[in-house]
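# Residue-level structural notes
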Amino acid sequence: MSFIDRLRRPEYTGKNRCTPCTVVNVAIAAGASAFAALTSTVLGAGVFSLSLGAIYLRGYLVPGTPTLTKRYFPERVLRWFDKDTTTPKTDETVEIDPERVLLNAGAVEPCREGTDLCLTSDFQQAWRERIHDARAHDHAEDRLADALDISSEDDRITIDRHGEAFVAYTDDATIGQWSSQAAAIADSAATTELSERTTNWSDFAPAEIARVLMSLRIFIEQCPDCDGSVQVEQEVVESCCRSYDVIASACQDCDSRLFEMEWDDADTDGVQEQPNQSAQATT
C-alpha cells in the first residue's frame, strides 16, 4: 500500500464526502494560508496546497470535523447540503390535498376507532388485483411514466433508475422518488384503480399524482413484490452530513422499502404510536 493510499479516507471522500465539512475546511485552509503568506508568499501557497491535498484525500483538514459539523451546524444548513437522504420528497409546489382525493375516491375511510384512516375493503382488494397484474410485466420506468401520465413525446420529465430506486425529475425540480421496485409496482397499480374512481384524475399534474400515490402507499400491508408482510417503524438514518429520524415501511421478507419520510419530534405525539395516520402520508 502506497503512502497516498494510507492517507486516503474513503469513508469521508468520493460519494461519502460531506459538503459542509469540505466547505468549512477549505475556509480554514484559506485562512491559515493567508496568515502564513504574511511571512512568505511561497509558504502561504505551500500551506494552501498541502491543505487542499489533505482535504481531497481525507475529506477534512481539522480532525473530528464530521462529528463537529453534525453537532454544531444548524439543521437547516445540513439539510440543504445533505445529498444522501433517501426520504421521498417532491421539490415542486403541490397544492393538492391527497387525503381529500383518497377519501373522495373511496380508497380510504375513517377507521373504526375514528382516530385514523384505513383502506376501504373494496379498494384494498382491487389494489391487490391490480398489483398482481402490474408485477407480471417488466420495465418499471415505463409503468411509472404511465402512472404519472407522461407521454413518450414529453421530454420535460425524466425517470432514472439508481439500483432498486427510481427518481422522476425535471430540469428544475424532483417530481417523485421510489425506494424500490415494490414501491413502483404499488403506485402503478394504484394509478389504474384511482383513475377510474376520480373524475378529474387526468387534470392532475405529475407532481400531484406522485404526492397522492406516496400518501396512499403508507397504508399498504402486503409487499407488492413478494407478498411479504409490511411493517412500519421509526429508525435513525445516517447520512454524510447528519443523523435524522424517519418513519419507514419495509417488507419483512424481501426488505423492499415501500415508504420513507423524515420525521420531526415536533410534528405530533401520535406519530410514533400510529404511523399510518393520514397526517404522515400527506406531509
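For the structure itself, look to the data block above.
Sequence positions are assigned chain by chain, starting from 1 and proceeding in written order. In view of the model being predicted, local features appear only for residues whose pLDDT reaches at least 70, and side-chain atom pairs are presented and counted only at 80 or more, with totals across whole chains, interfaces and linings using the full set of residues. Note that the side-chain values use all heavy atoms of the structure and ignore hydrogens as well as water.

Moving on to the overall build of the protein chain. Secondary structure follows DSSP: runs of H or I at least 4 residues long count as helices, runs of E at least 2 residues long count as strands, and numbering of each begins at the N terminus. Assigned secondary structure in the protein chain consists of 11 helices and 8 strands. Classification of residues uses two cut-offs on accessible area relative to the type maximum, computed with a 1.4 Å probe and protein chains only: under 20% is buried, over 50% is exposed, and between them is partly exposed. Within the protein chain, the fraction of its 283 residues that count as buried is 44%. Here, two residues are considered to be in contact whenever any of their heavy atoms come within 4.5 Å of each other. For the protein chain, the share of sequence-separated contacts (at least 6 apart) that also reach a separation of at least 24 residues comes to 58%. Surface accessibility of the protein chain: about 15,100 Å² in total, with carbon and sulfur atoms responsible for 49%. Values of accessible area rely on a 1.4 Å probe in the Shrake-Rupley scheme; residue burial ignores everything except the protein chains shown.

We now examine the pairing of strand β4 (residues 165-169). Only strands that DSSP links by at least two bridges are regarded as paired with each other. Bridge analysis of strand β3 (residues 158-162) against β4 gives 5 bridges, and the strand direction is antiparallel. In the sheet register, Asp160 faces β4, and the bridge partner there is Val167. Counting the residues between successive antiparallel strands, the hairpin from β3 to β4 contains 2 residues, one of them, Gly163, with a positive phi of roughly 70°. When β4 meets strand β5 (residues 174-178), the two strands line up antiparallel, connected through 4 bridges. Note on β5: the bridge partner recorded for Phe166 is Trp178. Hairpin connection, β4 to β5: the antiparallel pair is bridged by 4 residues.

Attention now goes to the sheet that holds β4. Reading across the sheet, the 3 strands line up as β3-β4-β5 and stay open at both edges, with antiparallel pairing between neighbours. The open sheet has two edge strands, β3 and β5, and neither has a second partner. When the angles between neighbouring strand axes are averaged without regard to direction, this sheet yields 15°. Contacts between helix α8 (residues 140-147) and the sheet are confined to β3, β4 and β5, with β3 contributing the most and set at about 145° to the helix. Here helix α9 (residues 181-197) sits on the sheet and contacts β3, β4 and β5; the angle it forms with β5, its principal contact strand, is near 115°. Axis definition: a line fitted to C-alpha atoms, limited for helices to the stretch in contact. Angles are taken between N-to-C directions and run from 0 to 180 degrees.

Attention now moves to helix α3 (residues 41-58). Under the 1.5 Å per step criterion, the end-to-end length of α3 is 26 Å for 18 residues, consistent within 8% with the ideal 26 Å. Buried within α3 are the following residues: Gly44, Ser51, Ile55 and Leu57. N or O atoms within 3.5 Å of each other form a polar contact, as long as, within protein, one can give a hydrogen and the other can take it, and as long as residues adjacent in sequence are counted only when both atoms are side-chain atoms. The backbone nitrogen of Val42 lies 3.3 Å from a side-chain oxygen of the residue at the head of α3, namely Ser40. Looking at the residues trailing α3, positive phi occurs at Gly59, about 95°. What a helix is expected to span follows from its residue count: subtract one and scale by 1.5 Å.

This part covers the side chain of Ser51. By the secondary structure assignment, Ser51 is in helix α3. For Ser51, a relative accessible area of 7% translates into the label buried. Beyond its immediate stretch of four places on either side in the chain, Ser51 contacts Ala29 and Leu61.

On to the environment of Gly176. Inspection of the secondary structure puts Gly176 in strand β5. Owing to a relative accessible area of 4%, Gly176 belongs among the buried residues under this scheme. Separated by 30 residues in sequence, Gly176 and Pro206 place their C-alpha atoms 8.6 Å apart.

Along α8, the positions that sit buried rather than exposed are Ala140, Arg143, Leu144, Ala145 and Ala147. Against α7 (121-134), β3, β4, β5, α9 and α10 (206-217) lie the buried residues of α8.

Working definition: an aromatic ring pair is given by the centre-to-centre distance plus the angle between the planes. Pairing of aromatic side chains here covers Phe, Tyr and the six-membered ring of Trp, requires ring centres within 6.5 Å, and sorts the geometry by plane angle: under 30 degrees stacked, over 60 edge-to-face, intermediate tilted. If you walk through the whole model with that rule in mind, you get 2 aromatic pairs. Judged by centre distance (5.8 Å) and plane angle (45°), the ring pair of Phe123 and Trp127 falls under tilted. With Phe123 and Trp127 both in helix α7 and 4 residues apart, this pair spans about one turn of that helix. Here Trp127 falls in the buried class, since its relative accessible area comes to 2%. Ring centres of Trp201 and Phe204 lie 5.4 Å apart, and the angle between their planes is 65°; this geometry places the pair in the edge-to-face category.

With that out of the way, let us pick up the packing of α7 against α9. Packing of α7 against α9 brings their axes to within 8 Å, and their N-to-C directions diverge by 125°. Our classification of the angle between α7 and α9 gives oblique. Crossing of α7 over α9 shows right-handed handedness. Contacts between α7 and α9 involve Asp122, Phe123, Ala126, Trp127, Arg130, Ile131 and Ala134 from the former and Ile185, Ala186, Ser188, Ala189, Ala190, Thr192, Glu193, Leu194, Glu196 and Arg197 from the latter. Grouping the amino acids of the contact of α7 with α9 by side-chain chemistry returns 10 nonpolar, 2 polar and 5 charged. For this classification, under 35 degrees means roughly parallel, over 145 means roughly antiparallel, 65 to 115 means roughly perpendicular, and everything else is oblique. For any helix crossing, the convention is left-handed if the near helix is rotated counterclockwise from the far helix by under a right angle, and right-handed if that rotation is clockwise. Three residue categories are used. Nonpolar comprises Ala, Val, Leu, Ile, Met, Phe, Trp, Tyr, Cys and Pro, charged comprises Asp, Glu, Lys and Arg, and polar comprises the others, including Gly.

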